[in-house]
Amino acid sequence: MASPMRSLLSDPDRYLQSFRLFLEKSTEHQSMRQFMERQLPEVIASIGHGKSTINVLSVGGGAGEMDLLILSKVQARYPGVAINNDVIEPSADQISKYKERVAQASNLGNVKFTWHKETAYEYESRMNAEKKSKKWDFIHMIQMLYYVKDIPATIRYFHSLLESQGKLLIILVSGNSGWETLWKKYGSSFPLNDLCLYVSSGDLPRILDSSGLKYQLYELPSHMDITSCFIEGDKDGELLLDFLTETCDFSKTAPPELKQQLMEELRKPGCSESRDGKVLFNNNLGVIVIEP
């Protein structure tokens with residue numbers, strides 16, 4: 001009998017709902033913000049050297065929270081320099097939220113925004129068809145490599161678009177995170193959608209080394225409060241479980257044995273730690289900065 005389990009990505013509304021809850025319950029964005037404040041200025045220190053315009057490409061820009069922070073750092077490093085910021089994002093909902101953010105910001109006068117409602121692969125195909133290969137000073141892919149068919153080819157393509165002083169920044173879950181533990185053990189039991197790959201920062205050195213690319217790695221500590229997952233019938237807990245397993249209504253559709261094993265796994269040190277009566281899932285991130 002076919003399993004009733006289906007991929008969370010088959011229900012875009014529920015996916016967005018669970019994703020927003022994940023951001024609320026985790027220190028994901030705080031961890032990224034810390035990196036942008038502390039390390040990013042050094043990463044972008046030479047990308048705009050001697051330029052009158054800096055070209056930035058955001059691959060999977062989402063609702064723009066991190067993009068605008070990155071742009072503020074580029075502005076601070078290169079005051080008054082014009083910035084072209086192109087955004088590749090397949091979700092119309094996310095693009096509209098991004099545009100709202102831009103409309104509310106007061107300090108983006110020197111930034112020209114262009115949004116492309118398409119996937120990274122669609123962008124690449126379109127550029128190739130139009131025989132275009134615009135070069136970029138800074139390209140970033142934040143939490144998006146899970147959604148491409150061919151990771152090495154995607155990295156190689158966007159890396160090929162870098163200017164001579166450019167940088168490509170990738171953020172993924174860390175190879176030392178609870179995600180890695182969960183995926184290795186239970187990935188094959190989840191209804192893996194064509195659209196989603198289990199990849200962590202631990203997988204990238206092999207890919208980058210085999211392409212002969214130079215890079216730096218950073219580890220960002222982060223956690224997510226999953227205490228509600230252990231409260232039977234808790235709506236937030238059910239949504240977080242969906243997000244953790246990439247499964248729509250995991251609590252209701254997973255075989256009881258799988259659910260029990262997963263709940264036990266989630267409490268183990270490889271996935272989480274208990275602190276102050278809460279269960280905190282290891283949501284550590286890996287940042288990879290690739291040289292041109």
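Residues numbered from 1 in each chain as written. Predicted model: local features only at pLDDT ≥ 70, side-chain atom pairs only at ≥ 80, totals over all residues. Heavy atoms only, no water.

Pairing is antiparallel across the open sheet formed by three strands, whose spatial order is 8-11-10. Because the sheet does not close on itself, it has two edges, and the strands there are strand 8 (223-225) and strand 10 (272-275). Averaged over all pairs of adjacent strands, the angle between their axes in this sheet comes to 30°, without regard to strand direction. Alignment of strand 10 against strand 11 (residues 278-282), held across four bridges, turns out to be antiparallel. Among the inter-strand pairings, E273 is bridged to a residue of strand 11, identified as L280. Docked against the sheet, helix 8 (residues 178-186) engages strand 8 and strand 11, running at close to 80° with respect to strand 11. (Pairing = 2+ DSSP bridges. Helix = DSSP H or I, 4+ residues; strand = E, 2+ residues; numbered from the N terminus. Axes fitted to C-alpha atoms, helices over the stretch in contact; angles between N-to-C directions. Contact = heavy atoms within 4.5 Å.)

Glancing now at the sheet that holds strand 5 (residues 136-142). Ordered by their spatial adjacency, seven strands build an open sheet running 4-3-2-5-6-12-7, and the pairing between neighbours is mixed. Since the sheet does not close on itself, it has two edges, and those belong to strand 4 (111-116) and strand 7 (215-220), each with one partner. Sheet twist, expressed as the average angle between the axes of neighbouring strands with direction ignored, equals 15°. Both strand 2 (residues 53-59) and strand 3 (residues 82-88) contribute to a ladder of seven bridges, which runs parallel. Residue N55 lies in a different strand from strand 3, and its bridge partner there is N84.

This next bit is on the UniProt feature "binding site: substrate" (unreviewed entry) in the chain. Taking the numbering used here, the UniProt-annotated feature "binding site: substrate" (unreviewed entry) corresponds to E28 and N283. Of the residues just listed, which span 256 residues, no C-alpha pair is farther apart than 7.3 Å, and they cluster in one region. With respect to the helices and strands, the residue E28 is situated in helix 2 (residues 28-38). Accessibility expressed as a relative area gives 3% for E28, which makes it buried. In contact with E28, other than residues within four places in its own chain, are F22, L23, Q143, S222, N283 and L285. For N283, a relative accessible area of 0% gives the class buried. When neighbours within four sequence positions are excluded, N283 is seen to be in contact with F22, S26, E28, W179, S222, H223 and M224. (UniProt positions renumbered as here; feature names shortened; annotations may be inferred. Buried < 20%, exposed > 50% of the residue type's maximum accessible area, 1.4 Å probe, protein only.)

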